[in-house]
Structure formats: C-alpha cells, structure tokens
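For reference, the chains in residue letters:
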Amino acid sequence: MKILFYDAKPYDIESFDSIKESYKSIEIDYLKTDISKNTVRLSKGYDAVCVFVASDVNGKILKELEKRGVKLLLLRCAGFNNVDLSVAKEVGITVMRVPNYSPEAIAEHALALAFAVNRHIHKAYIKVRENNFSLMGLTGMNFFGKTAGIIGTGRIGAAMCRACAGIGMNVLAFDKIENPSLGFVKYVSLDVLLEKSDLISLHCPLTEETYHMIDLSAIKKMKDGVLLVNTSRGALIGTEDLIRGIRKRKFSGVGLDVYEEEQENVFENREDDILNTSVTARLLSFPNVIVTSHQGFLTKEALEAIGITTLENAKSFEEGRPIQENTVC
C-alpha cells in the first residue's frame, strides 16, 4: 500500500518513520503542503492519503481523490468534522480515524491552560524577563475545593474529570450518556453546570447540536469570574459572544487550544504575516486569555499512538478487514 501524507510536520515524520519498519507492506511519502484543489492531483498513484485535523477534505477534494484511484482516507486525529462524509460514501472512499490515542495528553493540556491563565503564568513570565518582579495583577484562586464543570465525558472528558478530582475539586459533568467509570462525578443539566462551576472545560465533538453551545445565553448563566477552557473544537464557542463576555469581565480567564477561524494559523509559522482576520488578534489582545496552537495532542506518547493506530488502520484495510471502531464511513 502506498500512502501520501499531506501537511506532514517534522514531528509527524519522525514518529511515523520510527515505526514504519514494522509495516513492511506500507510505503509512505510525505508532503509539507496540505491537501487542496491544487495539491490533490499529487495523490495519483497512491492507494491512500493521510491528513490531519486542519485539512479541509470537502466534497470536491474527495471526488478528485476518487478520480485518482484513492480508496482510503486516513485521519491521524479523532475528529472528522473536516470531512464531507456523505460524498466519501458516495464515491466509495473509506474514512478511518484515530479515536483514542492519549486522552490524558489533551486533558493535561486543558488543565495546564487552566493553571496558567488562573495564576497568570504568561504575564509573570514576561514581567520577570523584563526584570519586573512586582506581583501586581498576578492574583489567582485556589482550585482545591472549587467546582469543575466538564462538558463531555468521553475518554478525554473522563481524564479531565479524574485530573480535576485529583487536585481536590468537586466535579460536575454534563453528557447525554453518563460514563459509568466516573462514580465520583455528579451529572447535572447543562444549565446547572454553567451556574455552579468555577472552571468549565469543553470535551465534546462538534456537531450541529453543539455548534456555538457556548453563546451569550450560556455565558450569562455562568458565575462571574469563571474560568473557561476549550481543547476540543473552536466552533463549540461563539467567538463574538465570547469576546463580548470577556469585555464585560465575565471571565477571570480563558484558555483556548482551539478557536474559530484557526484554520489558516494552526501548525503554521506566521510570525512575519499580517493576520487577515481580527478575531485572532482580538483574542490575543486580552490579558486574561491564553491561546495555544492546537497542541493538546503533542506528546511523545500521543504521537506514537497516532502513528501505530494510523498504520494499523491502513494494514487492516489492505487486508480487507477494516477496524470497525476506527471506521467513520
């Protein structure tokens, strides 16, 4: 099987090269550029293409892949909202993902964001580098004894629940399906979670139902001084409403590893560019907001798990036994 990797970063190449010797029947080529209408033609002669979470695999792209003989789309990520699944099914392209690589990696990053924005680590770091050792503006709160509200209790949300409980927080959760492994968690309605939580962390997929679930109405229900963290999908939060809430001083801090309109920025070095949208610039302008570049997954353990699962997906497809739990369509 020949696989073409799009948008391959050095850490992708390193992690896949370290394990590909165990998959003798699989040949991998890497491209730095992402898949697009201009680069999809490069997939000719390949059995599969592999993309990441920021790749836009729309209907036109899928039809072009099918024309070039591609039968398998490998997602080296858990989310698949960036793929037009109806067209994939129509043209007979199987889509496989990595549903479980390291939930702890993302939960730990979510908690890191919460700690950092709460204790103003980003501001303290800059101040001390300028020989300013004043403590003004650096006051945070204890998490111990406070209430964490976790929205979504799948593998990642469950890991976040355990992490929050481990530092002495009371944990509330909202999900349509309760996780039986979380006996220490109290499941409540979304409204109750919004009203009672000191820290709110989002760990649910992006669907029509969850799109902009954190809007102005939801923000108004939150406690004054709440901390909000999102490591799932940017569009779970309505950005304009979030900015209005920040300006009204509703939040003591906001930590975002994902945000709307991140598509052109995520994983790219744009330090010499003028950003075309004001949304990112506005978010970065607030002193109580920390934005990272979709790096929640970026640990050695997670990269290794992503590599193994992706190549196992390719191998299983090649052998005519695609792993059902990893197959999206």
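Up top is the structure.
Calculation criteria
- Residues numbered from 1 in each chain as written.
- Predicted model: local features only at pLDDT ≥ 70, side-chain atom pairs only at ≥ 80, totals over all residues.
- Heavy atoms only, no water.
- Pairing = 2+ DSSP bridges.
- Helix = DSSP H or I, 4+ residues; strand = E, 2+ residues; numbered from the N terminus.
- Axes fitted to C-alpha atoms, helices over the stretch in contact; angles between N-to-C directions.
- Contact = heavy atoms within 4.5 Å.
- Core = buried A, V, L, I, M, F, W, Y, C linked by side-chain atoms within 4.5 Å.
- Buried < 20%, exposed > 50% of the residue type's maximum accessible area, 1.4 Å probe, protein only.
- Phe/Tyr/Trp six-rings, centres within 6.5 Å; stacked < 30°, edge-to-face > 60°.
- Lys NZ or Arg CZ within 6 Å of the ring centre and 35° of its normal.
- Parallel < 35°, antiparallel > 145°, perpendicular 65-115°, else oblique.
- Left-handed = near helix turned anticlockwise from the far one by under 90°.
- Nonpolar A, V, L, I, M, F, W, Y, C, P; charged D, E, K, R; others polar.
- Expected span 1.5 Å × (residues − 1).

Student: What should I look at first to understand the sheet that holds strand S1 (residues 2-5) in this one?
Tutor: Strand order in the open sheet formed by five strands is S2-S1-S3-S4-S5, and the pairing between neighbours is parallel. Strands at the two margins of the open sheet, each flanked by one partner only, are strand S2 (27-30) and strand S5 (94-96). In this sheet, adjacent strand axes meet at a mean angle of 20° when their direction is disregarded. In the sheet, S1 pairs with strand S3 (residues 48-51) via three bridges, with the strands oriented parallel. Note on S3: the bridge partner recorded for Leu4 is Val49. Against the sheet, helix H11 (residues 300-318) makes contact with S1, S2, S3, strand S4 (72-75) and S5, and its axis sits at roughly 160° relative to S4, the strand it touches most.

Student: How should I be thinking about the nonpolar core in this particular structure?
Tutor: Across soluble globular proteins, nonpolar side chains show a tendency to be buried alongside one another. Ile3, Leu62, Leu65 and Leu73 are the most contacted members of the largest nonpolar core, which totals 51 residues. Of all the elements in the fold, those that place two or more residues in this core are S1, S3, helix H2 (59-67), S4, helix H3 (85-91), S5, helix H4 (103-118) and H11. The contact partners of Leu62, leaving out residues within four places of it in the chain, are Val57, Leu73, Val83, Asp84, Val87, Ala88, Val91 and Ile93. Membership of the second largest hydrophobic core comes to 28 residues, among which are Ala218, Leu236, Val254 and Val279.

Student: Help me understand the packing of aromatic side chains in this model?
Tutor: Any two aromatic rings considered together are summarised by their centre-to-centre distance and by the angle between their planes. One pass over the structure, following the stated rule, counts five aromatic pairs. With centroids separated by 5.0 Å and ring planes inclined at 65°, the aromatic side chains of Phe52 and Phe297 adopt a geometry described as edge-to-face. Taken together, the residues Phe52 in the loop between S3 and H2 and Phe297 in the loop between strand S12 (289-291) and H11 connect sequence positions 245 residues apart. Accessibility classification places Phe52 together with Phe297 in one group, the buried group. Taken together, Phe5, Phe16 and Tyr30 form an aromatic cluster joined through their ring pairs. Its end group placed over the ring of Tyr46, Lys2 keeps NZ or CZ at 4.9 Å from the ring centre.

Student: Could you clarify how one ought to interpret the packing of H4 against helix H6 (residues 155-166) in this entry?
Tutor: Two numbers describe a pair of packed helices, the interaxial angle and the distance between the axes. Running from N to C, H4 and H6 point in directions that differ by 50°, and their axes come no closer than 8 Å. By the angle class used here, H4 and H6 are oblique. For the crossing formed where H4 meets H6, the hand is right-handed. Packed against H4, whose contacting residues are Pro103, Glu104, Ile106, Ala107, Ala110 and Leu111, the element H6 presents Arg155, Ile156, Ala159, Met160, Arg162, Ala163 and Cys164 at the interface. Per-class residue counts for the contact of H4 with H6 are 10 nonpolar, no polar and three charged.

Student: How should I be thinking about H11 in this particular structure?
Tutor: Since the α-helix turns once every 3.6 residues, residues separated by three or four places project in the same direction. Look at H11: 27 Å from first C-alpha to last across 19 residues, which is about the 27 Å you get at 1.5 Å a residue. Looking only at H11, the buried set comprises Ala302, Leu303, Ala305, Ile306, Gly307, Thr309, Thr310, Leu311, Asn313, Ala314 and Ser316. One or two residues past the end of H11 sits Gly320, with phi positive at roughly 75°.

Student: Help me understand the sheet that holds strand S6 (residues 147-151) in this model?
Tutor: Strands belonging to one sheet form pairs held by backbone hydrogen bonds; the direction of such a pair is parallel or antiparallel. Pairing within the open sheet is parallel, and its seven strands lie in the order S8-S7-S6-S9-S10-S11-S12. Only two strands of the sheet have a single neighbouring strand rather than two, namely strand S8 (186-187) and S12. In this structure, strand S9 (residues 199-202) lies alongside strand S10 (residues 226-230), joined through four bridges in parallel fashion. Directly across from Ile200, in S10, lies its bridge partner Leu228.

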